[in-house]
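One letter stands for each residue in the lines below.
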Amino acid sequence: MAKEKEHINLAFIGHVDHGKSTLVGNLLVKAGTINEQQLASGEDKFRFIMDTTKEEQERGVTIDLAHQKFSTKKYDYTVVDCPGHRDFVKNMITGASQADAGVLVVAADDGVMPQTKEHVFLSKTLGINQLIIAINKMDLVDYSEDKYNELKEEVSNLIKTVGFNPADVPFIPLSAFEGDNIVDASANTSWYKGPTLIDALDALTAPDKPTNLPLRIPIQDVYSITGVGTVPVGRVETGVMKKGENVIFEPAGASGEVKSIEMHHEQFEVAEPGDNIGFNVRGVGKNDIRRGDVAGHTDNAPTVAKEFDAQIVVLQHPGVITVGYTPVFHCHTSQVACTFLELSKKLNPATGAVDEENPDFLKTGNAAIVKIKPTKPMCLENAKEIPQMGRFAIRDMGQTVAAGLCLNVTPAK
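The rules behind each value
Residues numbered from 1 in each chain as written. Predicted model: local features only at pLDDT ≥ 70, side-chain atom pairs only at ≥ 80, totals over all residues. Heavy atoms only, no water. Helix = DSSP H or I, 4+ residues; strand = E, 2+ residues; numbered from the N terminus. Contact = heavy atoms within 4.5 Å. Areas by Shrake-Rupley, 256 points an atom, 1.4 Å probe, with all protein chains shown as cover. Patch = residues over 30% accessible without salt bridge, like charges linked within 9 Å, V, L, I, M, F, W, Y side chains within 5 Å. Salt bridge = Lys/Arg side-chain N within 4 Å of Asp/Glu carboxyl O. Buried < 20%, exposed > 50% of the residue type's maximum accessible area, 1.4 Å probe, protein only. Phe/Tyr/Trp six-rings, centres within 6.5 Å; stacked < 30°, edge-to-face > 60°. Pairing = 2+ DSSP bridges. pLDDT = per-residue confidence, 0-100. Expected span 1.5 Å × (residues − 1). Polar contact = N/O pair within 3.5 Å; in protein donor to acceptor, adjacent residues only side chain to side chain.

## What about the overall build of the protein chain?
The helix and strand tally for the protein chain stands at seven helices and 23 strands. Put simply, 70% of the contacts in the protein chain that link residues at least 6 apart link residues at least 24 apart. Accessible surface for the protein chain amounts to roughly 18,200 Å². Of this, 47% is attributable to carbon and sulfur atoms.

Structure, rendered in structure tokens:
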């Protein structure tokens, strides 16, 4: 079997009508993932590949995260088409946190919108460190170099505020609908000497498998299998687990030796990040562990948080958030109600600078640093040390009210 290509998850972000779906659709056609016959006819043909639910086609708005795959000579890509409408920002949380790189789509005829800023800040908060800027709809401004330069400057200033260096970021003038500069350099922009979109994608760096970080396996389910015993199932987020090693489940506290590791009904000696595995641990029974527990090596056990400091962005809350508020935090596979102990600092959501110390309340659109106390033990890590285990979404009243990452943990023991 040929060695698999390295894989990159790609988030397309940007304002709602700036052509993200059309761009992704055209990209998939040009990369040969789908053929033109599979497309609806007419102007909207490309976006309907990504906008697959009927509701979306009728509203002409992308809702779901359509995971579409395509390959180039260098990488295999999965496209996370991130919705741009306000009420879909929560999808972006789950989307962006799975992404290794972002393509920010800005329409040449429209420029930078307030939402564009919010998305860039959120993406950075959620760990997207590589960016490509697609200046779309160049066909609507007659492929004007002046318009391109004007937007390039505007977007450069914006991404600088969240810590991207514009010199390292390609700005590509393109037309998602006409196909300019997606795969082949376009004669319409003869003044542009930079890479096409596909070239820029292939210049991205594939993420290293975080094999050198401590072992962390959030548990999704626990099964009892005849002849094997108790089998916890989960995806290895970080680190490496080998047969014969001793592991501990936190916050449950159960531990033992790994007797077997299985993937797709085959036995393995070793499991690495990204592997979805079932494994059996000597002496650990079905009632000892549950979904939301995290497995790690006994000599570097998962951190159980007594309380923690976090940076959050309030996405949509009908009222205000004050000290004492106790919504549900979704972190890896756990769902635990947590209480806001302290609102430490209110931040400027576009720059991250401190706007106010100890604010009385937070509302939609605010970014803040807060102190949180879980109502029962939960595993969480400092996002700087183990990013995969340090991000969370906050849900209440059936919606995602905020998202954030853990800055510092006070361990329970």
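What follows picks up the thread again.
## As for a nonpolar patch on the surface
A surface patch of nonpolar side chains, amounting to about 250 Å² of accessible area, comprises Tyr223, Ile225 and Val228. Along the chain, Ile225 turns up in strand β7 (residues 217-225).

## Structural notes on the environment of Ile225
Ile225 gets classed as partly exposed once you look at its relative accessible area, which sits at 39%. When the C-alpha positions of Ile225 and Asn280 are compared, they lie 9.8 Å apart, and in sequence the two are 55 residues distant.

## Digging into the packing of aromatic side chains
Under the criterion given, the structure shown has 10 aromatic pairs. Taken together, a centroid distance of 6.1 Å and an interplanar angle of 70° make the contact between Tyr148 and Tyr192 edge-to-face. Placement of Tyr148 in helix α6 (residues 145-161) and of Tyr192 in the loop between β6 (171-173) and α7 (197-202) is noted, with a sequence separation of 44 residues between them. As far as the burial class goes, Tyr148 and Tyr192 line up, both buried. Consider the rings of Phe329 and Phe340, whose centres lie 6.2 Å apart with planes at 55°: the pair is tilted. Here Phe329, found in strand β17 (residues 328-331), pairs with Phe340, found in strand β18 (residues 334-347); they are 11 residues apart in sequence, far enough to count as distant. Since its relative accessible area comes to 1%, Phe340 is described here as buried. Members of the aromatic cluster, connected to one another through ring pairs, are Phe308, Tyr325, Phe329, Phe340 and Phe392.

## As for the pairing of strand β4 (residues 101-107)
Counting buried positions over the seven residues of β4 gives seven, a clear majority of the element. Alternating residues of β4 divide into Ala101, Val103, Val105 and Ala107 and Gly102, Leu104 and Val106, and every residue in both groups is buried. Judged from the five bridges that link them, strand β1 (residues 6-14) and β4 form a sheet pairing that is parallel. Looking at the pairing, Ile13 lines up with Leu104 of β4.

## What about the confidence of the model for the protein chain?
Should pLDDT be low for a region, the predicted coordinates there are not to be read in detail. Chain-level statistics for the protein chain give a pLDDT mean of 83 and a share of 82% at 70 or above. Below a pLDDT of 50 lies the segment residues 34-67, which in the model reaches 75 contacts outside its immediate sequence neighbourhood of four places, other chains included. Between residues 83-97, whose pLDDT stays under 50, and residues either more than four places distant or in other chains, the model counts 53 contacts.

## Some points on the pairing of strand β10 (residues 246-250)
In terms of residue burial, β10 counts as a mostly covered element, since four of its five residues are buried. Taken together, the three bridges between β10 and strand β11 (residues 255-263) define a ladder with antiparallel strand orientation. Bridge pairing in β11 links Val247 to Gly256. Between β10 and β11, which pair antiparallel in sequence order, lie four residues; one of them, Gly253, sits at a positive phi of approximately 90°. Sheet topology places β10 next to strand β15 (residues 294-297); four bridges connect them, and they run antiparallel. The residue of β15 that forms the bridge with Ile248 is Gly296.

## Description of α6
The terminal C-alpha atoms of α6, which comprises 17 residues, lie 25 Å apart, in line with the 24 Å expected from a rise of 1.5 Å per residue. Among the residues of α6, the N-terminal cap falls to Ser144, whose side-chain oxygen and the backbone nitrogen of Asp146 are separated by 3.3 Å. Taken from the residues just after α6, Gly163 is the one with a positive phi, measuring 100°.

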